[in-house]
There are 2 protein chains.
Amino acid sequence: MEKPVLSESQEDYLKEIFKLREMNVTVSMQDLAKKLDVRPPSVTGMIKKLCSMDLVEHEPYKGVQLTETGEKIAIEVLRHHRLLELYLAKHLNYSWDEIHDEAERLEHVISEKFEAAIAELMDHPTHDPHGDPIPSVELEFPDSPDLTPLTTCKTGRMMTIKRVMTQDKDILNLLTRLELTIGNIITIKGTESAGIRLKVSDNQYLIPHTIAKLIWCHEDN
Amino acid sequence: MEKPVLSESQEDYLKEIFKLREMNVTVSMQDLAKKLDVRPPSVTGMIKKLCSMDLVEHEPYKGVQLTETGEKIAIEVLRHHRLLELYLAKHLNYSWDEIHDEAERLEHVISEKFEAAIAELMDHPTHDPHGDPIPSVELEFPDSPDLTPLTTCKTGRMMTIKRVMTQDKDILNLLTRLELTIGNIITIKGTESAGIRLKVSDNQYLIPHTIAKLIWCHEDN
DNA sequence: ATTTTAAGTTAGGTATGGCTAAATTAATAC
DNA sequence: GTATTAATTTAGCCATACCTAACTTAAAAT
Ligand SMILES: [Mn+2]
Ligand SMILES: [Mn+2]
Ligand SMILES: [Mn+2]
Ligand SMILES: [Mn+2]
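Here's what I pulled together on the structure shown here. (Residues numbered from 1 in each chain as written. Chains lettered and ligands numbered in written order. Predicted model: local features only at pLDDT ≥ 70, side-chain atom pairs only at ≥ 80, totals over all residues. Heavy atoms only, no water.)

Observations concerning the protein's contact with DNA strand D
Phase 1 of the analysis: Neighbouring residues of DNA strand D: 21 residues in total, closest Ser7(A), Ser9(A), Ser42(A), Lys48(B) and His58(B).
Phase 2 of the analysis: Near the protein, within 4 Å, the atoms of DNA strand D are sugar or phosphate in 79% of cases.
Phase 3 of the analysis: The contact in question runs from a phosphate oxygen of DNA strand D to an N or O atom on the side chain of Ser9(A), over 2.6 Å.
Phase 4 of the analysis: In the environment of DNA strand D, a phosphate oxygen lies 2.8 Å from a nitrogen or oxygen atom belonging to the side chain of Lys48(B).
Phase 5 of the analysis: Here the surface near DNA strand D is built from residues that sort into ten nonpolar, eight polar and three charged. (Near = heavy atom within 4 Å. Polar contact = N/O pair within 3.5 Å; in protein donor to acceptor, adjacent residues only side chain to side chain. Nonpolar A, V, L, I, M, F, W, Y, C, P; charged D, E, K, R; others polar.)

Following this line, the structure appears as structure tokens:
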């Protein structure tokens, strides 16, 4: 099983399959089409090709799965992406709503040397600016503590924001203004029908469920 | 004349035309084919397209020229390339024989934000690690003093190496070993049929003409 | 058990950017 | 001036990665 040279599209397909698999049990063609912003027939076609390259397995009408080789490549791309995001934020003064798009293009183009250089420079970080885990050079994920989405946090608890599950610029921008950023500490005031009421610094907000469910926290020690 | 969105190939064509124009009076299809590592018919085809986009002008069997818009884009790509080369060398510890290939791919992919960030970080540099001039944001070239190729330097003179006109890894590597790098001072010992005899630091070498003609110098103070 | 709907696939088409082989044009040599 | 050679273009192909429209399969609803 040698590592073939893949196109940018193919790398994105593999990466997206990997990310979807983390959430759903099964990855449908439609899910992929939506995430990759292409029409379903294009997905069918590409999956066929990736199948023939032994990078994915596909039971028609069932779902797609990565092979071992496919998964390795997916994780490599993910590592590029997340290292780049952190690098852009830490060394080139990007804000966290600007890093994703740039990393999405750069991830396919940087060499292993570039990857190693920025990893070294940042002292082999384990998490990117959204709190997403960065796989190691050996493609292993750091073990992270159990996180709870804001929607299911218990009233009265103090929690630290550990991960924000979106790349949407507007949401990220909003969260910055509300000081709901990685590492910040919040106190849950209560769950209401419209959302979660919480306190950050000296301010109190009601965060709509749609946004709250993107924010994952860890209970403070 | 609006700036169209160009493919990576198209950007490379424009950049290469610009660079060739700096050397030759006229840019032939063959020159381009050689530089871009493509067969002549591909060049004809692409030039036709760039023509229809008003980025180049082409008199069949005569030569190619950039239009004003085409030249602007070419210089922008060149700026990306050279800023990147310097950035890789200065901030990611690349040696000067490693920077070109990486920059060749990155140049098409970085955003204006990225460009601005690294330019700022390096305090708006005017020359890359090969001594090539870096155009400003306004796309103007820094004025540089008259340089002489090593092949025509006068015996006895002390000169500073200011520019090395190649991206060939083996040559660059060789020059590093010989301490013939940008900024270093040499003394011309004489011209022989096989090459130029010169002194760097405490060593004396005979540099073959093929290599000597790539090294451009400036007479010391 | 049929019908309806949603998901996925097939067929056939487009644009891009390459290629080879053959034809044409221009330049050079005799 | 004609013949040779070199440069360029034309014609016709190929692969990639998309697309729409039409068809098929599976699942859900009545
Ligand atoms: Mn991508
Ligand atoms: Mn991220
Ligand atoms: Mn390039
Ligand atoms: Mn350079």
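Following the structure, the description resumes.
Side note on the protein's contact with DNA strand C
Phase 1 of the analysis: Near DNA strand C there are 21 residues, and of these Lys48(A), His58(A), Ser7(B), Ser9(B) and Ser42(B) occur at the shortest range.
Phase 2 of the analysis: Close to the protein, within 4 Å, the atoms of DNA strand C are drawn from sugar and phosphate at a rate of 80%.
Phase 3 of the analysis: Ser42(B) places a side-chain nitrogen or oxygen 2.5 Å from a phosphate oxygen of DNA strand C.
Phase 4 of the analysis: One of the side-chain nitrogen or oxygen atoms of Tyr61(B) is found 3.4 Å away from a sugar or linking oxygen of DNA strand C.
Phase 5 of the analysis: Elements with a minimum of two residues in the surface near DNA strand C: α2 (29–36) and α3 (40–52) of chain A together with α1 (8–23) and α3 (40–52) of chain B. (Helix = DSSP H or I, 4+ residues; strand = E, 2+ residues; numbered from the N terminus.)

Side note on the relation of the copies chain A and chain B
Phase 1 of the analysis: Expressed as a screw transformation, the operator carrying chain A onto chain B has a rotation angle of 180 degrees and an axial translation of 0.1 Å, and the superposed copies differ by an RMSD of 0.1 Å. Given the turn and translation reported, the copies of this chain are related as if by a two-fold rotation axis. Nearest to the rotation axis, the C-alpha of Leu106(A) is located 3.7 Å from it, this being the minimum over chain A.
Phase 2 of the analysis: Most of the interface of chain A is mirrored in chain B: 100% of its interface residues are interface residues there too. (Least-squares fit on C-alpha atoms with pLDDT ≥ 70 in both. Contact = heavy atoms within 4.5 Å.)

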